[in-house]
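Below, each chain spelled out in residue letters.
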Amino acid sequence: QRRVRGIQLDHAIYSLDTSENYHVCCLDNRQIQVFDAVRAEYVRNVGTVSEEEFMEAEEVGHKQRATCVKFSTENKYHCVSGGWDRTVFLWDIRVEKSAVRSFVGPKICGDGIDLIGDKCLTASFVPNDALQIWDLGSGQLIETIKYRTNENQAENLYSCRFIDSDRVIAGGSGSHDAKVINRKTGEVEGVFLDTKPIHSVGYSDGVAAAGGVNCYVHLANLRKK
């Protein structure tokens, strides 16, 4: 039988991602922690976050809850985190007390980060301009993808994924749906309609999925015929 190992933490986990050799977690104390995936051992914290208020000016890290962390698809030591403080950090998990880069903008309130190459897709819980792509190398905004199709509804997104270099999927609570959008043409190629917020979207091997408060998983085959 295969042995299953566990790691006991002192704080709740809001987000977790895994690379070849490491796990990285967003914890409820705003800290980003790294663990050895093979040995199931704590490695280090990245950034410096204190639970003492007078230390906040010296911190390097999230000032409010961190809700999402994702490993880079290009560098196994790099990961990206985002949260309520409208700041996205690029971390090198080998370095303890500093970030490689950070940029201000996206308000991440769920699983609202995805990476492909040097591009970072973000889904923000804001009424307008919620779906955006950023350049990880410079921290500059590359483009804002129009999500809204009804001008009377806010966007307020929770989750997003790259489908490929041209298409993305995202969902949220503004219009209670998830959309597959071609960012090159601006066309909405598919919509998962719901009556309650969509909290998570996913994509793998030609199949897109979305689900949320309604306890229902929407599925669609996006393979080209």
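Everything below is about the structure shown above.
Residues numbered from 1 in each chain as written. Predicted model: local features only at pLDDT ≥ 70, side-chain atom pairs only at ≥ 80, totals over all residues. Heavy atoms only, no water.

**Student:** Can you tell me about the pairing of strand β16 (residues 188-193), naming the residues and giving the values?
**Tutor:** Bridge count for strand β15 (residues 177-182) against β16 is 5 bridges, and the pairing is antiparallel. For K179, the partnering residue across the bridge sits in β16 and is V191. Where β15 folds back on β16, the antiparallel hairpin that results is connected by 5 residues, among which G186 adopts a positive phi of roughly 80°. (Pairing = 2+ DSSP bridges. Helix = DSSP H or I, 4+ residues; strand = E, 2+ residues; numbered from the N terminus.)

**Student:** I'd like a description of the packing of aromatic side chains, backed by residues and values.
**Tutor:** For the structure shown, the criterion picks out 5 aromatic pairs. Aromatic side chains F89 and W91 sit 5.0 Å apart centroid to centroid with 20° between the ring planes, which places their arrangement in the stacked category. Residue classification places F89 among the buried residues on the basis of a relative accessible area of 8%. Centroid distance F125 to Y158: 5.2 Å. Interplanar angle 35°. Geometry classified as tilted. You can see F125 sitting in the loop between β10 (119-123) and β11 (131-135) and its partner Y158 sitting in strand β13 (residues 157-162), a full 33 residues away along the chain. (Phe/Tyr/Trp six-rings, centres within 6.5 Å; stacked < 30°, edge-to-face > 60°. Buried < 20%, exposed > 50% of the residue type's maximum accessible area, 1.4 Å probe, protein only.)

**Student:** Residues and numbers for the environment of H199, please.
**Tutor:** On the secondary structure map, H199 appears in strand β17 (residues 198-204). In sequence terms H199 and C109 are 90 residues apart; their C-alpha atoms lie 9.6 Å from each other. Among all residues touching H199, those that are not within four sequence positions of it are Y158, S159, G211, G212 and V213. (Contact = heavy atoms within 4.5 Å.)

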